[in-house]
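# Understanding the architecture of this molecule
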Amino acid sequence: MKVFFSVGEPSGDLHGANLIKELRRESPGIECVGYGGPKMAAAGCHLHADLTQLAVMWILRVLLNLHHFWRLWRRAEDYFRDERPDAIVLIDYPGFNWWIARAAKKYSIPVFYYGVPQMWAWAPWRVRKMRRLVDHVLCKLPFEAEWYRQRNCHATYLGHPYFDEVERQQVDQAFGDAQSCRAGRLVTILPGSRTQEVVKNLRGFLSAAEQIHRSIPDSRFAIASFNEKQAAIARDQTARLDFPIEVFVGRTPELIRSSYCCLACSGSVSLELLYHAKPTVILYRVGWFPYTMARRFFIKVKFITLVNLLAADDPFLRGGESYDPRAAGDEGVLFPEHLTYRDCAPQIARQVIYWLTDEAGYQDRVRQLDELKRQHAISGASHRAATYILQQLVPDAPPLAGPHFELRKVERSWQAADKK
């Protein structure tokens, strides 16, 4: 059996690697090939190209790299024609992966979308593509599957694979202990996994950190960089600062665990922060034009942070009720978040200072995060995804087991809807 992967994000590379490990554990003879990243290659995937090198954002950067995408698409289409893999697995990266899905459908190869694009949040009209091009929609969030099912997609909720990785993380205990033993409470800064995110967000984080340190002189800070290139950017920006701040590469798990609270760019790292119940302020800074366009035409949910979406009774916007971190009544949002084109360092600093100085308020937020973790931080999504894929491709594969009560609840609603 041969499965072709198309994965273009660093986080997708991680989830793809864990899925490949589970597929090979359940079916040792399976061959995994395609586009991905170094983690997938280490898990046994024969990479035709490292697609994570093209993890770009916004239309201009996509256009500048269009010739690379075109070449990779043609290569995949030729491979589908000549080799006829048994299945295609797509993870995130919707712009390019729609091309891959079209090529697969041309040759009648079943398509699984694992970790589907969050089109319910910003582009619901694209569900027509999902319905037309994807055979199996494998969802990470409990409300996603129901949303897709209501739009006639064959959707299944598996749980979020990020919790698999967090649960099995190997950490350097000595490094963590050394951080925890130092004087002063540590605030960890997580500026994102994409270089574009680091460039946009790091100055805002550092400005907030400077204000926090002025108010609380014994506070200290660490930046968890995704790679050496981004660490060089961080070191350049911190060189002129006169408060304690260090830059580390490959120490994200240890720095999260050792921290008192965090500043983070929006992304799947928020789930790791939830898993460790770390109070966090989220920043995602963009230009004025993309911000205006997103707010006016695209964003369909109240929050941009996964943790806040999981905590919401209803994550969808209903008549302009968007979240404003400065508004009265919105203080209870678990991870205060700032999607902005403005400098909001004073608001970020004010929230962190509150956690550093008000023990009762801090502990209350930790309790809220622990409760949400108990509901949603369930491991096993990678195994369930592998079981599901093999179940569709191999007649005698074992049945799929649900992650927790939410899946059973959602599937009962599907069954009731199907009877109607």
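Above this note sits the structure.
Residues numbered from 1 in each chain as written. Predicted model: local features only at pLDDT ≥ 70, side-chain atom pairs only at ≥ 80, totals over all residues. Heavy atoms only, no water.

### Description of the nonpolar core
The nonpolar side chains of a soluble globular protein tend to be buried with one another. Counting 115 residues, the largest nonpolar core has Phe80, Trp120, Met130 and Tyr148 as the members making the most contacts within it. Other than its neighbours up to four places away in sequence, Phe80 contacts Phe4, Pro85, Ile88, Ile100, Ala103, Ala104, Tyr107 and Ile109. In terms of nonpolar packing, the next biggest core, distinct from the first, is built from 25 residues, Phe5, Leu19, Leu23 and Ile389 among them. (Core = buried A, V, L, I, M, F, W, Y, C linked by side-chain atoms within 4.5 Å. Buried < 20%, exposed > 50% of the residue type's maximum accessible area, 1.4 Å probe, protein only. Contact = heavy atoms within 4.5 Å.)

### Digging into the pairing of strand S11 (residues 261-265)
Within S11, five of the five residues are buried, which leaves the element mostly enclosed by the surrounding structure. The alternating pattern of S11 places Cys261, Leu263 and Cys265 on one face and Cys262 and Ala264 on the opposite face, and all of these are buried. Note: strand S8 (residues 186-190) against S11, four bridges, orientation parallel. When the sheet's bridge partners are listed, Ile189 is paired in S11 with Leu263. With four bridges connecting them, S11 and strand S12 (residues 280-285) associate as parallel partners. Counted as the bridge partner of Leu263 is Val281 from S12. Of the crossover connections in this fold, the one passing from S11 over helix H14 (residues 269-275) to the parallel S12 is right-handed. (Helix = DSSP H or I, 4+ residues; strand = E, 2+ residues; numbered from the N terminus. Pairing = 2+ DSSP bridges. Right-handed = clockwise from strand over helix to strand, strands pointing away.)

### Description of the environment of Arg350
Examined against the element boundaries, Arg350 turns out to sit in helix H17 (residues 345-357). As for Arg350 and Ala208, which are separated by 142 residues in sequence, their C-alpha atoms are 8.5 Å apart.

### As for the sheet that holds S11
The strand order S10-S9-S8-S11-S12-S13 describes an open sheet built from six strands, whose pairing is parallel. This sheet does not close on itself; its edge strands, each paired only once, are strand S10 (245-249) and strand S13 (337-340). Along the sheet, successive strands turn relative to each other by an average axial angle of 15°, direction set aside. Relative to S12, H17 is tilted by about 170°, and along the sheet it contacts S8, S11, S12 and S13. (Axes fitted to C-alpha atoms, helices over the stretch in contact; angles between N-to-C directions.)

### Some points on the state of the cysteines
Across all of its chains, the model carries zero disulfides by this definition. We note that Cys45 lacks a disulfide partner, and the nearest cysteine sulfur, in Cys32, lies 5.9 Å from it. (Disulfide = S-S within 2.5 Å.)

### Section: the sheet that holds strand S4 (residues 87-91)
Across a sheet, paired strands are connected by hydrogen bonds in the backbone, their directions being either parallel or antiparallel. Overall, parallel pairing links the seven strands, which are arranged S3-S2-S1-S4-S5-S6-S7 in an open sheet. A single partner strand is all that each edge strand has here, and the edge strands are strand S3 (46-50) and strand S7 (155-157). Between one strand axis and the next, the sheet turns by 15° as a mean value, whatever way the strands run. Where strand S1 (residues 2-7) meets S4, five bridges bridge the pair, whose relative direction is parallel. Residue Phe4 lies in a different strand from S4, and its bridge partner there is Ile88.

### What about helix H12 (residues 228-238)?
All buried positions along H12 are accounted for by Gln230, Ala231, Ala234, Gln237 and Thr238. On an axial view of H12, the arc spanned by its buried residues comes to 125°, and they lie on one face. Residues of H12 that are buried make contact with helix H11 (195-215), strand S9 (220-225) and S10. Two to three positions downstream of the cap, the backbone nitrogen of Lys229 sits 3.3 Å from a side-chain oxygen, assigning the N-cap of H12 to Asn227. (Arc of directions from axis to C-beta. Polar contact = N/O pair within 3.5 Å; in protein donor to acceptor, adjacent residues only side chain to side chain.)

### As for the side chain of Glu165
Looking at where Glu165 falls in the secondary structure, it is placed in helix H9 (residues 162-168). An unpaired buried charge is present at Glu165: no salt bridge exists, and Arg168, the closest side chain of opposite charge, is 4.3 Å distant. What Glu165 contacts, discounting residues up to four positions off in sequence, is Leu14 and Asn18. (Lys, Arg positive; Asp, Glu negative; His and termini not counted. Salt bridge = Lys/Arg side-chain N within 4 Å of Asp/Glu carboxyl O.)

### A short note on the packing of aromatic side chains
A complete count under the given rule lists 17 aromatic pairs for this structure. The interplanar angle of 85° and the centroid separation of 4.9 Å between the aromatic rings of Trp120 and Phe143 together place this pair among those described as edge-to-face. Taken together, the positions of Trp120 in helix H6 (residues 119-122) and Phe143 in helix H8 (residues 142-150) put the pair 23 residues apart, joining distant regions of the chain. Per residue, the accessibility class of Trp120 equals that of Phe143, and both read buried. Through successive ring pairs, a cluster of aromatic residues spans Phe4, Tyr35, Phe69, Trp70, Trp73, Tyr79, Phe80, Tyr93, Phe96 and Trp99. Here the basic side chain of Arg185 rests over the ring of Tyr260, its NZ or CZ set 4.1 Å away from the ring centre. The residue whose ring lies beneath Lys373 is Tyr275, and the NZ or CZ to ring-centre distance is 4.2 Å. (Phe/Tyr/Trp six-rings, centres within 6.5 Å; stacked < 30°, edge-to-face > 60°. Lys NZ or Arg CZ within 6 Å of the ring centre and 35° of its normal.)

### Quick look at H11
Look at H11: 30 Å from first C-alpha to last across 21 residues, which is about the 30 Å you get at 1.5 Å a residue. If you look at H11, its biggest bend is around 40°, right at Asn201. Buried within H11 are the following residues: Gln196, Glu197, Val198, Asn201, Leu202, Gly204, Phe205, Leu206, Ala208, Ala209, Ile212 and His213. (Expected span 1.5 Å × (residues − 1). Bend = angle between axes of the 7 residues up to and from the residue.)

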